[in-house]
Amino acid sequence: MAVDQATGTETMPHPRGLRILLGAAAISVTGDGVLVTAAPLMAAALTRDPFQVGLVAAAGYAAWIIFGLPAGALVDRWDRRRVMYTADLLRALILAGFAALAFANMASIATLVIAVFLVGVGSCFFDPASQSLMPDLAGRDRDNLTRANGALWGIDVFGKSLAGPPLGAVTFAAGRALPFAADALSFVVSALLVRTLPAVPREPWEHPPVRDAVVSGLRFVASHSDLRRLALGMGAYNFAWNLGFATLVLFAQDVLSLGAAGYGALMASGAVGGILAGWLVPKLASGAAAPVAYAVALTGQALVWSAIAFGHTQWVAFAAIAVLGAASTAVSVIGGTARQLLTPPAMLGRMISATRLVGIGSAASGAFVGGLLSNLYGLTAPMIAAVGLAALAACYFALIARR
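Presented here is an overview of the structure given in this document. On a predicted model such as this, the values are computed, not experimentally measured, just so you know.

This paragraph deals with the overall build of the protein chain. Helix and strand counts for the protein chain stand at 14 helices and 2 strands. Relative to the globule expectation of 22 Å for 403 residues, the C-alpha radius of gyration of the protein chain, 21 Å, shows essentially globular dimensions. Projected onto its principal axes, the C-alpha coordinates of the protein chain cover approximately 60 × 55 × 35 Å. A total of 403 residues make up the protein chain; the buried ones form 49% of that total.

Side chains that are three or four residues apart share a direction in an α-helix, a result of its 3.6 residues per turn. Under the 1.5 Å per step criterion, the end-to-end length of helix α7 (residues 210-223) is 20 Å for 14 residues, consistent within 8% with the ideal 20 Å. All of the buried residues along α7 are A213, V214, G217, F220 and V221. The buried residues of α7 occupy one face: seen down the axis, they fall within an arc of 125°. Exposed side of α7, more than 90 degrees from the buried face: R211, R219 and S223 are the residues found there.

Bringing the nonpolar core into the picture now. Judged by nonpolar contacts, the single largest core of 55 residues is most densely connected at Y237, L248, Y294, L298, W305 and I308. Among the elements that make up this core, the one with the highest residue count is helix α11 (residues 290-311) (11 residues). Apart from residues lying up to four places away in sequence, Y237 is in contact with Y294, A297, L298, Q301, L324, A327, S328 and V331.

This brings us to unusual backbone geometry. Excluding glycine, a negative phi dihedral is what most residues carry, and trans is how most peptide bonds are arranged. Positive phi, close to 60°, is recorded for N105, a residue that is not glycine. Along the chain, N105 falls in the loop between α3 (80-103) and α4 (109-138). Residue classification places N105 among the exposed positions, given a relative accessible area of 70%. Phi at S257 is positive, roughly 60°, even though this residue is not glycine.

Calculation notes
Residues numbered from 1 in each chain as written. Predicted model: local features only at pLDDT ≥ 70, side-chain atom pairs only at ≥ 80, totals over all residues. Heavy atoms only, no water. Helix = DSSP H or I, 4+ residues; strand = E, 2+ residues; numbered from the N terminus. Rg over C-alpha atoms; globule rule 2.2 N^0.38 Å. Buried < 20%, exposed > 50% of the residue type's maximum accessible area, 1.4 Å probe, protein only. Expected span 1.5 Å × (residues − 1). Arc of directions from axis to C-beta. Core = buried A, V, L, I, M, F, W, Y, C linked by side-chain atoms within 4.5 Å. Contact = heavy atoms within 4.5 Å.

Purely geometric numbers; function is a separate question.
Below you can see the structure in the form of structure tokens.
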């Protein structure tokens, strides 16, 4: 039994419930990884218009921008287990419908954009609900919660980056409808597992109107110095990451002489680094303060982009991307645990949605700026800019950690 740092109440972990949640996550995120590959492949099969293909990629981000904050407020007032399996079943229905259209050769860019957008809306509810349940199932002891988050993020990287994308490509090659049907099935299985989660008693709390609840959630994150710094750390890390990654595929092809398979292997090295970090961080750094983690990870990111930009060798790039994958998972685990411990249960959904919105906004902005810099100054310019930004942010968090 542990004491909730945010409320002072005692919490009891549910090991069986945690295993079920992680199992549901493993199935669901692998399906997400399938969709990550299948959606752009389907878009390219339906049209050669770059703008329309870009709309498919933007649809998932748009869902978070439009519905992320109100979804977090609703997650805080509804039963989180019901939110999760309802979101899973609705996403399964949407993807099954699109798979049927694809099988009948009736799919279009418009229906694909709508499907990706609606699946993204479901994620706006499922993700904060599942992460809000984590302290209830793992307990609020820092070590236990760090281990649980390490397992969750390791599973997330494995499913979305290592297992799911190749499966999406293979199933799409076998039949355009197959990856969407497979993803729909993954959501059904996830929903069945979520329904078996143990009921977690919740303290009654007031439920203001959704608009007021959204405002109070934003005010809570903005006024809490530690949460505000953690959001800033996520924003800086994601901006620099996407700044450097914006045109990495072109750099890999033109400078490192990597073909499509080589670039896929390069991305896989990052996934392997992330999976290893999900296993090692709880063992080696569960007690690390979040500012220290961000200072170290941002320093590592600056070194990674410097090595790739100036090393110009394949083996350096593979090693650097593996380090970057590990650093990304480490800050996700340590930062996520810190945010969960600092936030009372009644605010978890809104806090998670608010910080996720910061992460998505900074990622999109970094990718946009990276593309502009590459177009103006060459393929290494985004990486050099990422070095400078990550180094400055690392200095800021190092100063905070010394206080």
